[in-house]
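Inside the fold
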Protein chains: 2
Amino acid sequence: MAEKTHTISELSREFGITTRTIRYYEEKGLIHPRREGQTRLYSTADRVRIKLILRGKRIGMTLEESVSVIDLYDPNNNNATQLQALVATVQERRAALLQQKADIDDTLSSLGEVEQLCSRALQENLLVIDSPDS
Amino acid sequence: MAEKTHTISELSREFGITTRTIRYYEEKGLIHPRREGQTRLYSTADRVRIKLILRGKRIGMTLEESVSVIDLYDPNNNNATQLQALVATVQERRAALLQQKADIDDTLSSLGEVEQLCSRALQENLLVIDSPDS
DNA sequence: GCGCGACTTTACGTTAACGTAAACGTAAAC
DNA sequence: GTTTACGTTTACGTTAACGTAAAGTCGCGC
């Protein structure tokens, strides 16, 4: 039951990122692919970590922030005493995310207004203009 | 009915950013404060633009992206022909924002799981440990 | 006149997240 | 045997978004 592995170019194609980016993530300690001689072999766990990193990026997290969120899952970090701090961290991050959602909703409604203005203006123009390229 | 104006330090305090940041925004053409001799005077319109820029930053937009959203409101950009492109832009940005919301919801539920794991672990420990610093 | 606080300009420094180029190894394909 | 495709390391370059330090101006309170 050998674990399925991926090459670096497979992952780069799948995620639409360069191999440089993937190696950079390793260089920064975000992933730890196996080695077969020289070449890197990525487990599905590595793949998931990359996916989560990219998700973090989409919502404006730095790489470091993404890692800090991902590592919350690591059972090794459960130093009992640290758990309290961890909970606090979670709370903070949740608050930031809720703020983000509110910001996004505000921006979405802004876009809605803009869109209405546009479509109205377009309608008016359509009544006046005959051919677009005269 | 003189428009209410603000000094640079007022705004920096209000928004929790440095004066350097505000001047940088001007340098990049994001705002255009009036001048009273040497010193800058900010209108409420300037203030709003800064507010929107900071909102954009919170959801991971670059300054340029924020400006492009803000400028959608500018009636000067309504070059009739450009309106179609504008609508398309709005659609794209909306899609990105919806993706972001989904990403945030995913992250939020991740945090929820982490939190549960933590509180359970903490409860178990409370049954075993007497004094925290022995 | 002198210091202060708030404002200004100019300019070099910094960090994150890669891009890009050089120079090389290896294995399959022609 | 050499081109093609994929992998590697090393290392310098780049952009955004400011930080930071130096040096100066301006009105006030004493």
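That block above? That's the structure.
The rules behind these values
Residues numbered from 1 in each chain as written. Chains lettered and ligands numbered in written order. Predicted model: local features only at pLDDT ≥ 70, side-chain atom pairs only at ≥ 80, totals over all residues. Heavy atoms only, no water. Phe/Tyr/Trp six-rings, centres within 6.5 Å; stacked < 30°, edge-to-face > 60°. Buried < 20%, exposed > 50% of the residue type's maximum accessible area, 1.4 Å probe, protein only. Near = heavy atom within 4 Å. Polar contact = N/O pair within 3.5 Å; in protein donor to acceptor, adjacent residues only side chain to side chain. Helix = DSSP H or I, 4+ residues; strand = E, 2+ residues; numbered from the N terminus. Nonpolar A, V, L, I, M, F, W, Y, C, P; charged D, E, K, R; others polar. Least-squares fit on C-alpha atoms with pLDDT ≥ 70 in both. Contact = heavy atoms within 4.5 Å. Arc of directions from axis to C-beta. Pairing = 2+ DSSP bridges. Salt bridge = Lys/Arg side-chain N within 4 Å of Asp/Glu carboxyl O.

1. Structural notes on the packing of aromatic side chains
Residues and elements named next belong to chain A.
- Per the counting criterion, the structure on display carries two aromatic pairs over all chains.
- The interplanar angle of 55° and the centroid separation of 6.4 Å between the aromatic rings of Tyr-24 and Tyr-25 together place this pair among those described as tilted.
- On the accessibility criterion, Tyr-24 (31% relative accessible area) is partly exposed.
- Here Tyr-25 falls in the buried class, since its relative accessible area comes to 3%.

2. Quick look at the protein's contact with DNA strand D
- Taken together, 17 residues form the shell around DNA strand D, and within it Ser-9, Arg-23 and Arg-40 of chain A together with Thr-18 and Leu-63 of chain B come nearest.
- A share of 71% is what sugar and phosphate atoms reach among the atoms of DNA strand D within 4 Å of the protein.
- The separation between a phosphate oxygen of DNA strand D and a polar side-chain atom of Thr-18 of chain B is 2.7 Å.
- Between a phosphate oxygen of DNA strand D and a side-chain N or O atom of Tyr-25 of chain B, the distance comes to 2.9 Å.
- Elements with a minimum of two residues in the surface near DNA strand D: helix H1 (8-15), helix H2 (19-27) and strand S3 (39-43) of chain A together with helix H2 (19-27) of chain B.
- The biggest single contributor to the surface near DNA strand D is H2 of chain B, with four residues.
- Here the surface near DNA strand D is composed, by residue class, of four nonpolar, seven polar and six charged.

3. Topic: the relation of the copies chain A and chain B
- Once turned by 180° and shifted 0.0 Å along the axis, chain A lies on chain B with an RMSD of 0.1 Å. Such values leave the two copies arranged in the relation of a two-fold axis. Of the C-alpha atoms belonging to chain A, the one lying closest to the rotation axis is found on Gly-60 of chain A, 2.0 Å away.
- Looking at the interface residues of chain A, 100% of them are also at the interface in chain B, so both copies use one shared face.

4. Some details on helix H4 (residues 63-70) of chain A
- By the burial criterion, the buried members of H4 of chain A are Leu-63, Ser-66, Val-67, Val-69 and Ile-70 of chain A. Seen from one end, H4 of chain A has its buried residues packed into an arc of 160°, which puts them on one side.

5. Here's the deal with the protein's contact with DNA strand C
- Among the 17 residues in the neighbourhood of DNA strand C, the closest are listed as Thr-18 and Leu-63 of chain A together with Ser-9, Arg-23 and Arg-40 of chain B.
- Of what DNA strand C places within 4 Å of the protein, 69% of the atoms are sugar or phosphate.
- Taking Arg-20 of chain A, its side chain carries an N or O atom lying 3.0 Å from a base oxygen of DNA strand C.
- One of the side-chain N or O atoms of Ser-9 of chain B is found 2.5 Å from a phosphate oxygen in DNA strand C.
- Counting residues per element, the surface near DNA strand C draws most heavily on H2 of chain A, which supplies four residues.
- Counted by class, the surface near DNA strand C contains four nonpolar, seven polar and six charged residues.

6. Description of the pairing of S3 of chain A
All names here are of chain A.
- Note: strand S1 (residues 5-6) against S3, two bridges, orientation antiparallel. Bridge pairing links His-6 to Tyr-42 in S3.
- Pairing between strand S2 (residues 34-36) and S3: three bridges, direction antiparallel. By the bridge assignment, Arg-35 is partnered in S3 with Arg-40.
- Once S2 ends, the chain turns through two residues before running back antiparallel as S3, passing Gly-37 with a positive phi of about 70°.

7. Here's the deal with the pattern of salt bridges
- Evaluated as defined, the whole model comprises 17 salt bridges over all chains.
- Where Arg-47 of chain B meets Glu-14 of chain B, a salt bridge forms, and the shortest distance between an N and an O atom there is 2.1 Å. Within this pair, whereas Arg-47 of chain B is found in helix H3 (residues 44-58), its partner Glu-14 of chain B is found in helix H1 (residues 8-15), the two being separated by 33 residues in sequence.
- The salt bridge involving Glu-26 of chain B is made with Arg-35 of chain B; its shortest N-O contact spans 3.4 Å.
- A relative accessible area of 19% means that Glu-26 of chain B is categorised as buried.
- Each of Glu-26, Arg-35 and Arg-40 of chain A takes part in a single network of salt bridges with overlapping partners.

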